[in-house]
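Fold and contact review
Residues per chain are reported as follows:
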Amino acid sequence: MSDQITLTLPDGTPLEVPRGTTALEAAEKIGSRLAKAAVAAGVDGKIVDLSAPISEDAKFAVYTFDSEEGKHVYWHSASHIMADAVMQLFPDAKPTIGPSIEDGFYYDFEVSQAFTEDDLRAIEEKMQEIIKADEAFSCTVEEKPEAEKLFEQKQNRYKLELIDEIEDESVSLYQHGEFVDLCRGPHVPSTGRIKHVKLLSVAGAYWRGSEANVMLSRIYGTAYPSKEQLEEHLHLIEEAKRRDHRKIGRELDLFSFHEEAGAGLVYYHPKGAMLRHLITEFATSEHIRRGYEIVRTPHLIKSDIWMTSGHAQQGYPMYYTEVEGQSYGIKPMNCPGHILVYKQHTRSYRDLPIRYFELGTVYRHEKSGVLHGLLRVRGFTQDDAHIFCRMDQLTDEITGVLRFADDMLHAFGFEEYEVFLSTRPEKSIGADRVWEEATEALKGALEANGLTWEIDEGGGAFYGPKIDIKMKDAIGRLWQGPTIQCDFNMPERFDMTYVGEDGQEHRPAMVHRVVLAGIERFMGVFIEQCAGEFPMWVAPVQVKVLPINDRNFDYAQEVAHRLRCEDMRVEVDTESGTLGNKIRQGEMEKVPYMLIVGDKEQEAGKVAVRKRGEGDLGQTDLAEFIEQVLPETKPDARYCAVVQ
RNA sequence: GCCCACGUAGCUCAGUCGGUAGAGCGUGUCCUUGGUAAGGACAAGGUCACGGGUUCGAAUCCCGUCGUGGGCUCCA
């Protein structure tokens with residue numbers, strides 16, 4: 001047996017090192033800067049501590065903070081340091097779990113008194129001390145009974161529960177300073193590796209995420225190797241606050257909620273209602289162009305229908321009422337209504353596909369704690385449609401929806417999105433075989449369209465699997481957007497049929513789909529996406545005319561009239577005040593164009609154009625301005641269906 | 001629904017130890033008629049979310065309800 005082993009680096013380069021070399025030593029051989037930045041290593045795809053000796057030929061990678069793996073290790077180590085700090089300050093706390101998450105980490109504790117925001121500063125300071133002490137992280141492997149003894153001593157039933165579930169005979173423990181934690185690892189070599197820490201918030205969280213369990217106290221935090229990175233992250237949080245649709249909704253006077261009138265129910269003000277009108281008008285015309293027919297169904301439907309559909313038995317969060325002794329349910333979905341319309345006639349295979357579209361307003365009894373601005377409400381309207389088709393048409397139909405969704409997202413400025421395939425949830429109806437078939441249909445359409453997707457296990461609707469499209473906004477956040485659900489269960493339950501070429505009755509397939517999805521939610525996301533600076537074609541007010549002097553009022557009205565003749569949405573600022581003040585007002589209202597008209601413009605039949613984000617563009621003829629901006633007032637034709 | 005925090009003028013927020021409220025913006029009136037992000041003066045505007053309780057006295061302390069926020073869970 002040779003004393004040398006060969007490590008294969010990610011680029012394929014071989015690296016000869018003595019057997020038993022640690023990952024850190026190997027990293028040093030590659031480069032001292034790399035070794036310094038290293039937080040963990042990969043050996044044959046497994047993430048290990050830098051102190052781990054390597055005893056055989058292996059694929060070898062060094063992970064720095066810049067990699068996904070590195071971030072995970074870095075943040076997970078930071079969570080241990082936080083737990084240590086908490087234990088020093090609150091010796092009675094019981095640490096439970098503390099993983100890394102997308103942008104940082106959290107740790108959940110059982111405490112008699114939940115942490116407050118004020119505690120964070122003290123904990124953060126204690127963390128700084130631990131970091132400064134640069135205590136080494138060490139890993140020991142203990143037999144399960146030994147580990148159990150340790151956590152029994154600490155009276156930590158959470159860790160005991162975790163140990164109980166580990167299948168191996170032994171478990172690993174990580175220690176730095178006095179703090180020992182059950183942990184799979186790996187960790188950075190020492191606490192000093194964690195540089196810039198920030199604790200962000202406290203929150204309640206159930207043990208293991210189940211509401212049947214006790215409520216723990218969670219602290220969220222993040223950490224970065226450089227101050228700049230931390231500040232960039234904090235800046236992103238600020239930016240998200242700046243874009244908050246609830247704030248912008250108030251500032252731009254778009255919508256409101258009313259405590260005395262019920263939570264989660266939206267009141268649209270004129271500008272918000274105009275925005276909504278423009279969005280839904282565009283969505284509706286695109287549906288018509290793409291072969292959908294508009295239908296309209298009642299909000300109140302006898303509960304028997306909700307039994308047939310399965311909503312009632314599934315415990316779907318509905319509102320019920322009684323009319324002359326009969327139980328009725330307010331619709332949480334539009335599908336049963338569309339099914340009733342379908343069933344009104346005997347359908348032939350020649351009729352299919354049938355695509356029913358409805359701007360369907362639905363109500364769902366969402367738990368009070370989940371309500372959130374426009375993003376989570378109790379009453380909302382979907383751009384909902386149901387496609388009834390033959391099995392041989394299914395892939396084409398799903399493809400059509402995928403393209404439709406792609407167009408619509410682009411039309412609203414969402415350039416990127418991610419696709420998820422959500423499979424059967426626990427609470428669901430129908431035979432396994434039916435679910436498999438439906439899932440395959442969705443998968444087939446995704447493949448046929450060359451899309452890549454991730455699986456969301458158990459994320460489907462109760463009646464069928466679905467494709468979820470999550471759109472990425474201007475600052476990289478993902479939002480639930482279009483969904484396409486493939487359903488063979490409802491047609492069965494409602495005994496839907498069509499007559500085939502063979503003269504026999506067949507069962508149609510059903511596709512439930514929304515593109516903008518909940519209009520309220522879409523508006524919320526859209527507001528955050530553009531930070532209230534709506535593109536011209538959906539801006540509630542497109543042009544504001546600012547007369548400089550009372551003498552210019554009539555001319556300003558004339559300009560406004562000319563623009564309105566071109567179907568533009570115009571306001572005239574007739575307030576008394578300085579031009580500077582009027583401009584400031586217009587800027588805060590985020591109006592795309594301001595036309596300033598003073599004596600000079602009035603005499604020449606011109607307007608002085610000021611564009612949002614660009615400022616003063618100088619004088620131009622009114623006719624010329626109209627000609628220039630008119631194309632902007634319409635949705636981007638590239639994303640509209642071609643009308644034959 | 002659960003945990004924690006919060007709720008004061010239309011909005012953003014002060015309000016100390018329990019002694020019945022303040023600012024800025026906005027609004028109204030008047031003055032000002034202005035050239036690319038705030039002209040000036042005066043005025044109006046609050047059952048301190050709501051309902052109980054403790055107290056001589058509650059915006060302030062306690063309980064409940066409603067609502068909001070951060071999460072958990074759920075979801076378009």
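Residues numbered from 1 in each chain as written. Chains lettered and ligands numbered in written order. Predicted model: local features only at pLDDT ≥ 70, side-chain atom pairs only at ≥ 80, totals over all residues. Heavy atoms only, no water.

**Re the protein's contact with RNA strand B**
Contacts to RNA strand B come from 55 residues, most closely from Tyr-206, Arg-376, Ile-548, Arg-584 and Glu-601. The sugar and phosphate moieties of RNA strand B supply 48% of its atoms located within 4 Å of the protein. At a separation of 3.1 Å, a phosphate oxygen of RNA strand B approaches a polar side-chain atom of His-372. The side chain of Asp-550 places a nitrogen or oxygen atom 2.8 Å from a base nitrogen of RNA strand B. Here the surface near RNA strand B is composed, by residue class, of 17 nonpolar, 18 polar and 20 charged. (Near = heavy atom within 4 Å. Polar contact = N/O pair within 3.5 Å; in protein donor to acceptor, adjacent residues only side chain to side chain. Nonpolar A, V, L, I, M, F, W, Y, C, P; charged D, E, K, R; others polar.)

**Focus on the domain arrangement of chain A**
Taken domain by domain, chain A consists of domain 1 (4–64), domain 2 (70–243), domain 3 (279–297 + 330–530) and domain 4 (536–633). Using only C-alpha atoms to locate each centre, domain 2 and domain 4 end up separated by 56 Å. (Domains from an automatic or database assignment.)

**Considering unusual backbone geometry**
Of note, the amide linkage connecting Leu-352 to Pro-353 takes the cis form, showing an omega dihedral of 0°. With respect to the element layout, Pro-353 can be found in the loop between α11 (335–343) and β22 (354–363). Of note in the backbone geometry, Asp-567 takes a positive phi value of approximately 65° without being a glycine. With respect to the helices and strands, Asp-567 occurs in the loop between α16 (553–564) and β32 (570–572). Its relative accessible area of 67% is what places Asp-567 among the exposed residues. (Helix = DSSP H or I, 4+ residues; strand = E, 2+ residues; numbered from the N terminus. Buried < 20%, exposed > 50% of the residue type's maximum accessible area, 1.4 Å probe, protein only.)

**Some words on a negative patch on the surface**
Together, Glu-143, Glu-146, Glu-167, Asp-168 and Glu-169 make up a region of like negative charge exposed at the surface. With respect to the element layout, Glu-146 can be found in helix α5 (residues 144–153). (Patch = residues over 30% accessible without salt bridge, like charges linked within 9 Å, V, L, I, M, F, W, Y side chains within 5 Å. Areas by Shrake-Rupley, 256 points an atom, 1.4 Å probe, with all protein chains shown as cover. Salt bridge = Lys/Arg side-chain N within 4 Å of Asp/Glu carboxyl O. Lys, Arg positive; Asp, Glu negative; His and termini not counted. Charge placed at Lys NZ, Arg CZ, Asp CG, Glu CD.)

**Some remarks on the sheet that holds strand β1 (residues 4–8)**
Taking strand neighbours across the sheet as the criterion, the five strands line up as β2-β1-β7-β4-β5 in an open arrangement whose pairing is mixed. This sheet does not close on itself; its edge strands, each paired only once, are β2 (14–18) and β5 (46–48). For this sheet, the mean angle separating the axes of adjacent strands, direction not counted, is 40°. (Pairing = 2+ DSSP bridges. Axes fitted to C-alpha atoms, helices over the stretch in contact; angles between N-to-C directions.)

**Structural notes on the environment of Glu-135**
Topologically, Glu-135 is positioned in the loop between α4 (117–133) and β11 (138–143). On the basis of relative accessibility, which here comes to 24%, the residue Glu-135 falls in the partly exposed class. Distance in space between the C-alpha atoms of Glu-135 and Thr-191 is 5.3 Å, their sequence separation being 56 residues. If near-sequence neighbours (up to four positions away) are discounted, Glu-135 is found in contact with Asp-84, Ile-130, His-176, Gly-177, Ser-190 and Thr-191. (Contact = heavy atoms within 4.5 Å.)

**Remarks on helix α17 (residues 579–588)**
Along α17, the positions that sit buried rather than exposed are Lys-582, Ile-583 and Gly-586. The buried side chains of α17 occupy one side of the element, clustering within an arc of 100° when seen end-on. Residues of α17 that are buried in the fold lie against β31 (543–547), β33 (593–597) and β34 (606–611). (Arc of directions from axis to C-beta.)

**Structural notes on the pairing of strand β26 (residues 466–472)**
Where a strand is regular, its side chains alternate between the two sheet faces. Most of β26 is tucked away, with five of its seven residues classed as buried. With seven bridges connecting them, strand β24 (residues 416–422) and β26 associate as antiparallel partners. Bridge assignment links Tyr-417 to a residue of β26, and that residue is Met-471. Both β26 and strand β27 (residues 478–487) contribute to a ladder of six bridges, which runs antiparallel. Each residue of the ladder has a partner; that of Ile-467, found in β27, is Ile-484. If you look at the hairpin formed by β26 and β27, you'll find five residues sitting between the two strands, and Gly-476 has a positive phi there, around 85°.

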